[in-house]
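Close look at the chain arrangement
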Amino acid sequence: MPQFAPLKNDTFLRALLRQPTDYTPLWLMRQAGRYLPEYRATRARAGSFLGLAKNPDYATEVTLQPLARYPLDAAILFSDILTVPDAMGLGLYFADGEGPKFERPLRDEQAVMRLQVPQLDSLQYVFDAVTQIRTELDGRVPLIGFSGSPWTLACYMVEGGGSDDFRTVKTMLYDRPDLMHHILKTNAAAVAAYLNAQIEAGAQAVMIFDTWGGALADGIYQEFSLRYMADVMRQLKREHDGQQIPAIVFTKGGGLWLEQIADIGADAVGLDWTVNLGDARRRIGDRVALQGNLDPNVLFAGAPQIQAQVRRLLNAFGKPQAGAGHVFNLGHGISQFTPPEAVNVLVDAVHQFSREQRA
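Per chain, the residues get numbers from 1 upward, laid out in the order the sequence is written. Reporting in this predicted model follows two pLDDT cut-offs: at least 70 for local features of residues, and 80 or more for side-chain atom pairs to be given and counted; totals over whole chains, interfaces and linings ignore these cut-offs and use all residues. The basis for the side-chain values is all heavy atoms of the structure; hydrogens and waters are excluded.

**Topic: the environment of S147**
Here a strand is any run of E in DSSP of at least two residues, a helix any run of H or I of at least four, and the numbering for each starts at the N terminus. The residue S147 is located in strand β4 (residues 143-148) in this model. The sequence separation of S147 and K252 amounts to 105 residues, and the corresponding C-alpha distance is 14 Å. Sequence-distant contacts of S147, defined by excluding residues within four places in its chain, comprise I81, V191, Y194, L195, M207, I208 and F209. By definition in these notes, contact holds between two residues if any of their heavy atoms fall within 4.5 Å.

**Details of the sheet that holds strand β1 (residues 75-76)**
Through backbone hydrogen bonds, the strands of a sheet pair up, either in parallel or in antiparallel fashion. At least two bridges found by DSSP between two strands are what make those strands a pair. The seven strands are arranged β1-β4-β5-β8-β9-β10-β11 in an open sheet whose pairing can be described as parallel. Both outer strands of the open sheet, β1 and β11 (326-327), are each paired with one neighbouring strand and no more. For strand β8 (residues 247-251) and strand β9 (residues 268-270), the ladder comprises three bridges, and the chain directions are parallel. What sits directly across from F250, in β9, is G270. Structural elements are reduced to axes, namely lines fitted to C-alpha atoms, with helices fitted over the stretch in contact, and the angle between N-to-C directions of any two is expressed from 0 to 180 degrees. Relative to β4, helix α10 (residues 177-201) is tilted by about 165°, and along the sheet it contacts β4 and β5 (205-210).

**Topic: the pairing of strand β2 (residues 92-95)**
Relative to strand β3 (residues 99-102), β2 runs antiparallel, the two being bridged by four bridges. The partner of L92 across the bridge, within β3, is F102. Between β2 and β3, which follow one another and run antiparallel, lie three residues, and G97 among them has a positive phi close to 70°.

**Regarding the packing of aromatic side chains**
To pair, rings of Phe, Tyr and Trp, with the six-membered ring standing in for Trp, must have centres within 6.5 Å; the planes then decide the type, stacked if under 30 degrees apart, edge-to-face if over 60, and tilted in the middle. The full count for this structure, using the stated rule, is eight aromatic pairs. Seen from their ring centres, F49 and F94 are 4.9 Å apart, and the 50° between their planes marks the pair as tilted. One end of the pair, F49, is in helix α3 (residues 49-53); the other, F94, is in strand β2, and 45 residues separate them in sequence. Relative accessible area serves as the criterion here: at 12%, F49 is assigned to the buried category. Relative to F209, the ring of F146 has its centre 5.6 Å away and its plane inclined at 85°; by these criteria the two rings are edge-to-face. With F146 in strand β4 and F209 in strand β5, this residue pair connects regions lying 63 residues apart in the sequence. Comparing F146 with F209, the two get one shared label, buried. A 1.4 Å probe rolled over the protein chains alone gives each residue an accessible area, and that area as a share of the maximum for its type sets the label: buried under 20%, exposed over 50%, partly exposed in between.

Have a look at this one:
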């Protein structure tokens, strides 16, 4: 088992576990990405997105790039949520300007019934990257591992790529719920095994991205998305190498179901920008920590506006107290068009204003 340097900044982990912190920690969804010129340069060297994601050296390089620029409180593994269905044999590829696609989407009963949890050795490049990143971080900040949720993965697996209306996957859900439950059960087992292997490789926290959960109707969400994230939670390692491993769940568009999401066993719930942080804290008490939830488009405004919105969000959450936890983040991934200097303003504002709150 690899030996890693002791952690120098554990503020992010403490906030997730609702322990006292000196300030509110901050990281950004998609913080290693196209808004950074150094990322674009590395991707050009790699030749393609998959060339980047499947090479541990490149994945390590781009994971660390935002930390070289900004005093962020966590690193997140550079990878893609579709590595799991790719390992299931669906044939992931990226079409120019069109995003991810699958050569063999799940369109009939035979394809669905053939689906199996993948052999983890087919994802070894991800676990190698986790270990390499954790080693290179040298204890500076914690490393987050992640996966897509069973439902979000199923959307891509059935649609064959992204979708505006989820017509194909929802047709299967309503017409043949037995097939959809088979996919989701398989995905939940795969996601749990995948996250546990990331934890064994060195991830110090894990996050489930339920990007398309909010596309579901009330009642359907609980049966086809939330239930399977709860399945993953039950199978997750929550301690490794003597350390607690916090878990975060994030359903984009899930504000309606906040209380139910908070009950599935995660340590923190991620919020998109449609939810008021203070209301969220009142609704779920201090059962879990909260993560979020600045509108990513605020970063296109000027520095005074960014600072004002940071202050507004921190004030909405309220004064941190024992048993409460808040990790500052965006309400979704950072836009590729974001000016890098806007992130400097954001990080400095979160750290400064949250210290003032505690003074």
